[in-house]
Amino acid sequence: MKIGLKIKLDTIYQAIIYIYICSVYFLKYQVFYIELIFIGVSFIRSLKSSWRKNFYLIWSIVLMLFFLLSFMNTINLYNSTITYIQLLKLFFLGNIIILTVRKEEEIQIYKRAIIIAGYFMIIYVLYKMEIPVLELFSKRFGSNKIVNSNDIALKLCVSTFFYIQIILDKKFKIKDIFFLSILIIFIFLTGSRKGGAFLLMGVVLEILFLKYKEKMKLVYKFFKFFPIIIIIFMVTIKKLYESNLLIVERFLSMISKENKDGSTLIRLEMIDDGIKFFKERIFFGYGLDNYRFLSKYETYSHNNYIELLVSVGIIGCIIYYFLQIYLIKNNLKYYKKYKEIIPFFIISLLLPIMDIGLVRYNDRFYNLIIVLNFIVLLKIKKKYNKKRYKLERY
């Protein structure tokens, strides 16, 4: 009876994980209530585990204590307080997840949820955009009113990286090519240059990080199903060409000294303004989420470095990125022996690059990915230390 009840409770908790991750992917307002339920259920589960000192716990405490200092200079106390509470909630949830994920299978649940959430987001955006089937490839996928195109592209890239890893771990099937192609097609249909760059660099890194045998296995599987890949992409080739052309044009305008598009010019101005604001208050900044009250554009800076430098100063920015450095260093140490770390290693390497055009320090999705990366490293270190102990014994 107790075993049956435990299985039912575990199934319910897994369902809540799937619902929460899907809500983080594409829901704007309902996610708040789903998040509260997820925090409550996760907290109850965490009571079975004892709190142990770990790097993420220490880092989040130090970061939040330092962020308090930024309140001394805050321009808009309300905005700073709301953002601070949001961060407290995110880091509290992160520490709870670290406590509740005890087995390898539980990490797999989160990975599968991230992949499935990508498809649900595609369905949700298609439904909200109300695009007729015949016009599916005639418009840019996504909108600010539903889900931002850049946001869609980056999240679908993360789903793609995890899907590639799962494909390599099992017997390759035709359906895998079909579902993987869907993710890639919709990344390009967003017309996002961030998404295009993230996907291209991520796939290249994923192939580079694989061992020789795994690379050959991937190449063999690709060519085995090459005709199917061609058919799938031929169906959407016209719009994919237009989307890719748009991405290339926007990249060229971004790096060109002349003929920059309006979006690029505005972003560059926002960075210049941010540097000026930062120089005025180098150490503690103007308070969390206060860039928007200094800038003539009255919005966030679209650059994680600028946003943090203006909000919490140079010290707060360094503390925030200290965890990123920790993840990259440890991912680099273990990725050759433990290939499950590869998708996280790719994301940890690319996010600091994407941060040039992305604000993510207070984002639910990216904080969740960071927490999962930390959990995987904890499990790997445990395995590694056990192996070392056995070798030392014998």
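In this text, all values refer to a predicted model and were calculated from it rather than measured experimentally.

Caption draft 1: Structural context of a nonpolar patch on the surface. A cluster of nonpolar side chains, Phe43, Ile44, Leu47, Trp51 and Phe92, forms an exposed patch at the surface whose accessible area comes to about 520 Å². Judged by its relative accessible area of 45%, Trp51 is partly exposed.

Caption draft 2: Structural view of the packing of helix H6 (residues 149-168) against helix H8 (residues 193-209). Running from amino to carboxyl end, H6 crosses H8 at an angle of 15°, the nearest separation of the two axes being 8 Å. In terms of axis orientation, H6 runs roughly parallel to H8. Remark: the crossing between H6 and H8 carries right-handed chirality. Facing Asn150, Ala153, Leu154, Cys157, Val158, Thr160, Phe161, Ile164 and Gln165 of H6, the residues of H8 in contact are Lys194, Gly195, Phe198, Leu199, Gly202, Val203 and Glu206. In terms of residue class, the contact of H6 with H8 is made up of 9 nonpolar, 5 polar and 2 charged.

Caption draft 3: Region of interest: helix H7 (residues 174-189). Its 16 residues place the ends of H7 23 Å apart at the C-alpha level, agreeing with the 22 Å of an ideal helix rising 1.5 Å per residue. Extensive coverage of H7 is indicated by the burial of 12 of its 16 residues. Buried residues of H7: Asp176, Ile177, Leu180, Ser181, Ile182, Leu183, Ile184, Ile185, Phe186, Ile187, Phe188 and Leu189, and no others. A positive phi of about 70° marks Gly191, the residue just after H7.

Caption draft 4: Layout of the packing of aromatic side chains. Evaluated as defined, the whole model comprises 29 aromatic pairs. Seen from their ring centres, Phe55 and Phe322 are 6.1 Å apart, and the 25° between their planes marks the pair as stacked. One end of the pair, Phe55, is in helix H3 (residues 55-69); the other, Phe322, is in helix H14 (residues 304-334), with 267 residues separating them in the sequence. Judged by relative accessible area, Phe322 falls into the partly exposed class, the value being 47%. Ring geometry for Phe209 and Phe345: centres 4.8 Å apart, planes at 15°, overall stacked. Taken as a pair, Phe209 in helix H8 and Phe345 in helix H15 (residues 342-354) lie far apart in primary sequence, 136 residues in all. Residue class for Phe209 comes out buried when judged on its relative accessible area of 14%. Relative accessible area serves as the criterion here: at 3%, Phe345 is assigned to the buried category. In textbook terms, an aromatic cluster arises when at least three aromatic residues are bridged by ring pairs, as seen for Phe55, Tyr56, Trp59, Phe91, Tyr305, Tyr320, Tyr321, Phe322, Tyr326 and Phe374. The ring centre of Tyr13 lies 4.2 Å from the NZ or CZ of Arg45, which sits over that ring.

Caption draft 5: Fine view of the pattern of salt bridges. Per the stated rule, a full pass over the model turns up 8 salt bridges. With its nearest N and O atoms 3.2 Å apart, the salt bridge here joins Arg45 to Asp10. Separated by 35 residues along the polypeptide, Arg45 in helix H2 (residues 31-46) and Asp10 in helix H1 (residues 2-26) bring together distant segments of the chain. The class of Arg45 is buried, set by a relative accessible area of 16%. For Asp10, a relative accessible area of 24% translates into the label partly exposed. The partner of Arg292 in a salt bridge is Asp289, with the nearest N and O atoms 3.1 Å apart. The network of salt bridges with shared partners includes Asp10, Arg45 and Glu106.

Caption draft 6: Examining the nonpolar core more closely. Within the largest apolar cluster, 109 residues are counted, with the highest numbers of intra-cluster contacts made by Ile21, Phe67 and Tyr110. When neighbours within four sequence positions are excluded, Phe67 is seen to be in contact with Tyr84, Leu87, Leu288, Leu308, Val312 and Gly316. Residues Phe277, Tyr286, Ile306 and Val310 belong to the second largest nonpolar core, which totals 6 residues.

Caption draft 7: Quick look at helix H5 (residues 104-129). End to end, H5 covers 38 Å across 26 residues, agreeing with the expected 38 Å (1.5 Å per residue, within 8%). Glu130, located one to two residues past H5, shows a positive phi value of around 50°.

Conventions we followed
Residues numbered from 1 in each chain as written. Predicted model: local features only at pLDDT ≥ 70, side-chain atom pairs only at ≥ 80, totals over all residues. Heavy atoms only, no water. Patch = residues over 30% accessible without salt bridge, like charges linked within 9 Å, V, L, I, M, F, W, Y side chains within 5 Å. Areas by Shrake-Rupley, 256 points an atom, 1.4 Å probe, with all protein chains shown as cover. Salt bridge = Lys/Arg side-chain N within 4 Å of Asp/Glu carboxyl O. Buried < 20%, exposed > 50% of the residue type's maximum accessible area, 1.4 Å probe, protein only. Axes fitted to C-alpha atoms, helices over the stretch in contact; angles between N-to-C directions. Helix = DSSP H or I, 4+ residues; strand = E, 2+ residues; numbered from the N terminus. Parallel < 35°, antiparallel > 145°, perpendicular 65-115°, else oblique. Left-handed = near helix turned anticlockwise from the far one by under 90°. Contact = heavy atoms within 4.5 Å. Nonpolar A, V, L, I, M, F, W, Y, C, P; charged D, E, K, R; others polar. Expected span 1.5 Å × (residues − 1). Phe/Tyr/Trp six-rings, centres within 6.5 Å; stacked < 30°, edge-to-face > 60°. Lys NZ or Arg CZ within 6 Å of the ring centre and 35° of its normal. Core = buried A, V, L, I, M, F, W, Y, C linked by side-chain atoms within 4.5 Å.

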